[in-house]
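# An overview of the molecular structure
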Amino acid sequence: GEMRYPGYRFDRGWNFCGVGEFQCYDQYILADLQKAANAANHAEWGHGGPDDAGSYNSKPGDTGFFGGSHDNYSSAYGQFFLSWYVGRLIQHGGRVLSAARDVFGGRVQIAGKVAGIHWWVLSPSHAAELTAGYYVANGINGYQNIANMFKQYGAEFTFTCMEMRDTEQPSSCACGPAELVQQTEDAAFNAGIPYGGENALPRYDTTAYNQIASQSYRNGKSPISAFTYLRLDSTVTSGN
């Protein structure tokens, strides 16, 4: 599993590279949102998530919240909502890692895995990351906040996309997987915790291997702590 909201759901018809949807509509999380809105003296902000954030397959420019509406992601309302939404995810991740640390003590290295939401990374709103619970807009470095939480529990920061190059992705989706790897590596190294990498898709070509090798060193110097190869299958074991 990964520490994220299920913002992009195949069972709801999501296709790459839709922005996904915020996941905050059951009775318990709505009650928590209302409590937070009341505490912020804006009870009207507690009735649900943004009503103009589009649907699973929307593009940022199709929406008001990820675009230029007066209540968009950078407005006072947007900043309140995103801080609350992302804060609850980080709290949840902390509870899970705390439980793992209680069980394993210091005998094993535990890790938290962060998803590689690389589409719309190069757009101002970072829409797909926001619906997944990663706050990297409005000057907020959400990956650093996650790394700092991981540090509290002695957890490794595990991330994917190690083999991906920006030029391999559709330009219409503002993808930035290479930048994401660098940003998350920086977050982990700045927090002083190990960083483990993975490739996102099965790749068996020299271009992908060279990208993995390059991304395995922060700024070309400091090596990551571990790498998990996806995946051991017949292509690898056959020797072809």
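Further up the page is the structure itself.
Below, the structure is looked at part by part. Just so we're clear, the structure is a prediction, and the values are computed from it rather than from any experiment. Residue indices follow the written sequence of each chain, beginning from 1 at its first position. Residue-level local features of this predicted model are given only where pLDDT is at least 70; pairs of side-chain atoms are given and counted only at 80 or more, and the full residue set underlies all totals for whole chains, interfaces and linings. Side-chain figures throughout are based on the complete set of non-hydrogen atoms in the structure, without hydrogens or water.

This brings us to the overall build of the protein chain. For the protein chain, the count of helices and strands is seven helices and six strands. Secondary structure counts use DSSP, requiring at least four H or I residues in a row for a helix and at least two E residues in a row for a strand, with both numbered from the N terminus. Scanning the protein chain from its N terminus toward the C terminus, one meets helices and strands in the order α-α-β-α-α-β-α-β-α-β-β-β-α. Principal-axis analysis of the C-alpha atoms places the extent of the protein chain at approximately 60 × 45 × 35 Å. A fraction of 73% describes how many contacts in the protein chain between residues 6 or more apart in sequence connect residues 24 or more apart. A total of about 11,500 Å² of accessible surface is found on the protein chain, and carbon and sulfur atoms cover 51% of it. Note on definitions: a residue-residue contact is assigned when non-hydrogen atoms from the two residues lie within 4.5 Å. Values of accessible area rely on a 1.4 Å probe in the Shrake-Rupley scheme; residue burial ignores everything except the protein chains shown.

Attention shifts here to the state of the cysteines. By disulfide we mean two sulfur atoms from cysteines, separated by a distance within 2.5 Å. Within this structure, the stated rule accounts for one disulfide. Here Cys17 pairs with Cys173 through a disulfide, and the sulfurs are 2.1 Å apart. Taking the torsion about the S-S bond as the criterion, the Cys17 to Cys173 disulfide, at about -70°, is left-handed. Taken as a pair, Cys17 in the segment before helix H1 (27-39) and Cys173 in the loop between strand E2 (155-159) and helix H5 (177-191) lie far apart in primary sequence, 156 residues in all. In this structure Cys17 comes out as buried when scored by relative accessible area, which is 2%. Working definition: with a 1.4 Å probe on protein chains only, accessible area under 20% of the residue-type maximum means buried, over 50% means exposed, and in between means partly exposed. When its relative accessible area of 5% is taken as the criterion, Cys173 is described as buried. The thiol of Cys161 is not disulfide-bonded; the next cysteine sulfur, from Cys175, is found 9.5 Å away.

Let us now look at the layout of surface pockets. Looking at the largest pocket, its volume works out to about 360 Å³. Residue lining of the largest pocket: 20 residues in total, with Tyr8, Gly116, Thr160, Ala200 and Leu201 positioned closest to the centre. Using a grid of 1 Å spacing that covers the protein atoms alone, one calls a set of points a cavity when a 1.4 Å probe fits there but cannot get out, and a pocket when the set is open and has protein on both sides within 12 Å along at least five of seven lines; lining residues are those with an atom within 4 Å of a point. Grid points are joined across faces, edges and corners, and a volume is the space filled by probe spheres set on the points.

Okay, helix H4 (residues 142-152) next. Those residues of H4 that sit buried are Gly142, Tyr143, Gln144, Ile146, Ala147, Met149 and Phe150. Buried residues in H4 make contact with helix H2 (76-104), strand E1 (110-114), helix H3 (127-132), E2 and H5. Just downstream of H4 lies Gly154, where phi reads positive at about 65°.

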